Amino acid sequence: MPSAIQIHAFGGPEQMQFVEVEVGEPGPGEIRIRHHASGLNFIDVYQRTGLYANALPLNLGMEGAGVVEAVGAGVSHLAVGDRAAYASNPPGSYSEVRVMPAKNVVRLPDAIDFDTAAGMMLKGLTAQYLLKKTLPVEGLQPGDHVLFHAAAGGVGLIACQWAKALGLQLIGTAGSAAKCALALEHGAAHAIDYGREDFVARVKEITGGRGVKVVYDSVGKDTFDGSLNCLRPFGLLASFGNASGPVPPFAPGMLGPKGSLYITRQTLFTHIATREATQAMTDELFEVVGSGAVKIRIDQRYQLADAAQAHQDLEARKTTGSTVFVI
Ligand SMILES: NC(=O)c1ccc[n+]([C@@H]2O[C@H](COP(=O)([O-])OP(=O)(O)OC[C@H]3O[C@@H](n4cnc5c(N)ncnc54)[C@H](OP(=O)(O)O)[C@@H]3O)[C@@H](O)[C@H]2O)c1
């Protein structure tokens, strides 16, 4: 029987079990895919701990790439034998083979290998919607400053490169000098080691006291207050993650005196709610990767059986760029 990583209780990495699972035939609107690679994402940690609710037992993993093995009724955009990749609900990509909804699965261009695809679908589509669709009221123009936290991470290194391709001046934060160097190497205009430096003061210095139009904040609890203080009037805080913990409740009234600020909390799954939207966003991702404007950097590879170690390393801030399970 094929293997998968499953949890039976929420908690730490020790809850992750390498188990054998039964995989059946795809129903209407579904496919069966045999994975060649699967992606590691911070959302997998939230799902493992129970911060994001799912029913138990739960097969983990939201991003994968492989070959379509069977196609259910009503699926016309995929055929048996297609190379394919996805970022998709429900979880279950930490597995050799699975049945899943076809809606968010796309055909993979020959030029993109399975590891690259598994390292970029969820993270790259996220960078796409943040930089192209999550915009301040005045929009973003080439030359504008934006602040992007955790810039040396999986989403971060893609965003650095894509922002540069769009002509934006991305100021990246990261947790060490080496990670800052990596962000700069990948197109960040400035990098701030937020473990050692006051990132609000540095952003003010870099922007001549004006602040940035947008802060893209996936760190959450630890950076929320500072992020608001980096914005110029009418600026936008785009909150999209909780690596340090969820943002505590706040009073909207405080946004007025800080400059009539906007806050949004975004999730990829709203953006890829339809097959058409998924394909359109993926086409843009394939284009920037195909042109070489965005390179997918895979800095860690693990066997599926070592998924608990991969989670430990991600949570301990030991990883950079993308991480994949080689299957
Ligand atoms: N809402 C969405 O649609 C969406 C989609 C994809 C990803 N995300 C979010 O985007 C973020 C990046 O995802 P990713 O998978 O690419 O992960 P990642 O950036 O590769 O890893 C998370 C990074 O967050 C930073 N961090 C800051 N404080 C931390 C803490 N207390 N514990 C652990 N890490 C901390 C670390 O970088 P430094 O050491 O440099 O600080 C760490 O490497 C995550 O928060 C994820 O949930 C959201």
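This text gives an overview of the structure that appears in the document. Being a predicted model, the structure only gives us computed values, none of them experimental. (Residues numbered from 1 in each chain as written. Predicted model: local features only at pLDDT ≥ 70, side-chain atom pairs only at ≥ 80, totals over all residues. Heavy atoms only, no water.)

With respect to the packing of helix α3 (residues 121-133) against helix α4 (residues 154-165)
Put simply, the rule is: Axis geometry follows a simple rule: fit a line to the C-alpha atoms, using only the stretch in contact for helices, then measure angles between N-to-C directions, giving values from 0 to 180 degrees. The secondary structure listing takes helices from DSSP runs of H or I that are at least 4 residues long and strands from runs of E that are at least 2 residues long, numbered from the N terminus. The labels follow the angle: roughly parallel below 35 degrees, roughly antiparallel above 145, roughly perpendicular from 65 to 115, and oblique for the rest. For any helix crossing, the convention is left-handed if the near helix is rotated counterclockwise from the far helix by under a right angle, and right-handed if that rotation is clockwise. Every residue pair with non-hydrogen atoms within 4.5 Å of one another is taken to be in contact. Residues are grouped as follows: Ala, Val, Leu, Ile, Met, Phe, Trp, Tyr, Cys and Pro are nonpolar; Asp, Glu, Lys and Arg are charged; all remaining types, including Gly, are polar.
Remark: α3 packs on α4, axes separated minimally by 9 Å, with the N-to-C direction vectors making an angle of 45 degrees. Judged by the inter-axis angle, α3 sits oblique to α4. Handedness of the α3/α4 crossing: right-handed. On α4, the residues that touch Lys123, Gly124, Thr126, Ala127, Gln128, Leu131 and Lys132 of α3 are Gly154, Val155, Ile158, Ala159, Trp162 and Ala163. Partitioning the contact of α3 with α4 into residue classes produces 7 nonpolar, 4 polar and 2 charged.

A few points about the packing of helix α1 (residues 42-49) against helix α10 (residues 307-315)
Relative orientation of the contacting elements α1 and α10 amounts to 110 degrees, with a least axis distance of 10 Å. With respect to α10, the axis of α1 lies roughly perpendicular. Seen from α1, the contacting residues are Phe42, Asp44, Val45 and Arg48; seen from α10, they are His311, Leu314 and Glu315. Of the residues that constitute the contact of α1 with α10, the class distribution is 3 nonpolar, 1 polar and 3 charged.

As for a nonpolar patch on the surface
Heads up, the condition is: Patch membership requires over 30% relative accessible area and the absence of a salt bridge. Like charges are linked within 9 Å, and nonpolar side chains (Val, Leu, Ile, Met, Phe, Trp, Tyr) within 5 Å. Areas reported as accessible are Shrake-Rupley estimates using a 1.4 Å probe. Residue values count occlusion only from the protein chains shown. Any Lys or Arg side-chain nitrogen located within 4 Å of an Asp or Glu carboxyl oxygen qualifies as a salt bridge. Relative accessible area decides the class of each residue, using a 1.4 Å probe on protein chains only: under 20% of the type maximum gives buried, over 50% gives exposed, and in between gives partly exposed.
Together, Val137, Phe234 and Tyr262 give the surface a local cluster of nonpolar side chains, amounting to about 300 Å² of exposed area. Residue placement: Phe234 occurs in strand β13 (residues 231-239). Of the residues examined, Phe234 reaches a relative accessible area of 44% and is grouped as partly exposed.

A short note on the site of the ligand
So the rule is basically this: One heavy atom within 4 Å of a molecule or strand makes the whole residue count as near it. Think of a polar contact as two N or O atoms within 3.5 Å of one another; within protein, one of them needs to be a possible hydrogen donor and the other a possible acceptor, and neighboring residues in sequence only count if both atoms come from side chains.
Around the ligand lies a shell of 28 residues, among which Tyr129, Lys179, Tyr194, Leu268 and Arg317 are the nearest. A distance of 3.0 Å separates an oxygen atom of the ligand from a polar atom in the backbone of Phe42. In the model, a nitrogen atom of the ligand is placed 2.9 Å from a nitrogen or oxygen of the Phe240 main chain. Protein contacts shield 92% of the accessible area of the ligand, which totals 890 Å² for the unbound molecule. Those elements giving two or more residues to the shell around the ligand turn out to be α1, α3, α4 and α10.

What about the sheet that holds strand β10 (residues 169-174)?
Heads up, the rule is: Two strands form a pair only when DSSP identifies at least two bridges running between them.
Spatial strand order, β11-β10-β9-β12-β13-β14: 6 strands in an open sheet with parallel pairing. Lying at the two open borders of the sheet, with one neighbouring strand each, are β11 (190-193) and β14 (262-265). Taking the axes of each pair of neighbouring strands and ignoring which way they run, one obtains an average angle of 15 degrees across the sheet. Here strand β9 (residues 145-148) pairs with strand β12 (residues 212-217) via 3 bridges, running parallel.

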